[in-house]
Amino acid sequence: MSQGLPATGSVLQRSVSARGNQQQPQSPEDDDRKVRRREKNRVAAQRSRKKQTQKADKLHEEYECLEQENTSLRREIGKLTEELKHLSDVLKDHEKICPLLHCSMNFVPMARPDPITSCLPR
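Because the structure is a prediction, the values reported are computed rather than measured.

Focus on the overall build of the chain
When helices and strands are tallied, the chain shows three helices and zero strands. Taken from N to C terminus, the helices and strands of the chain fall in the order α-α-α. Within the chain, the fraction of its 122 residues that count as buried is 4%. With the model as given, the accessible surface of the chain reaches about 11,700 Å², and the carbon-plus-sulfur share is 56%.

Here's the deal with the confidence of the model for the chain
Of all residues in the chain, 64% attain a pLDDT of 70 or more, and the chain-wide mean is 80. Ranking the elements of the chain by mean pLDDT puts helix 1 (residues 11-17) last with 47 and helix 2 (residues 28-97) first with 96. Between residues 10-19, whose pLDDT stays under 50, and residues either more than four places distant or in other chains, the model counts eleven contacts.

A word on the pattern of salt bridges
Throughout the structure, instances matching the rule amount to four salt bridges. With its nearest N and O atoms 2.3 Å apart, the salt bridge here joins D30 to R33. Residue D30 and its partner R33 are located together in helix 2, separated by three residues, close to a single helical turn. Across the salt bridge formed by K96 and D93, the nearest N and O atoms sit 3.9 Å from each other. In this pair, K96 and D93 both sit in helix 2, three residues apart, roughly one turn of the helix. With relative accessibility at 61%, the residue K96 sits in the exposed group.

Calculation notes
Residues numbered from 1 in each chain as written. Predicted model: local features only at pLDDT ≥ 70, side-chain atom pairs only at ≥ 80, totals over all residues. Heavy atoms only, no water. Helix = DSSP H or I, 4+ residues; strand = E, 2+ residues; numbered from the N terminus. Buried < 20%, exposed > 50% of the residue type's maximum accessible area, 1.4 Å probe, protein only. Areas by Shrake-Rupley, 256 points an atom, 1.4 Å probe, with all protein chains shown as cover. pLDDT = per-residue confidence, 0-100. Contact = heavy atoms within 4.5 Å. Salt bridge = Lys/Arg side-chain N within 4 Å of Asp/Glu carboxyl O.

Structure representation (structure tokens):
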């Protein structure tokens, strides 16, 4: 180590010879800082993954609830459609024998739309 040149492996040589991702820590403080940064990043990544999983779970629960509600509403539509058909049939049967509809005072026959098709969603 003559002529004032730094020793091999010194801080100066490591910082000058280090290139890109192969950079060596320059001191124990840098090592500690790097370890703390990696730990902090690891914890943040875990927190982010946990939050993402919770969000996905919540969306899945919401999806399941909406599917159940949709199924229930479809059943209700089916029941109401059947009830409407039944009541329309009862009304048609009644109109055949209703004395008020066959009264001579009724001069203008009333045309009514089909109640089943007019009430169904389009």
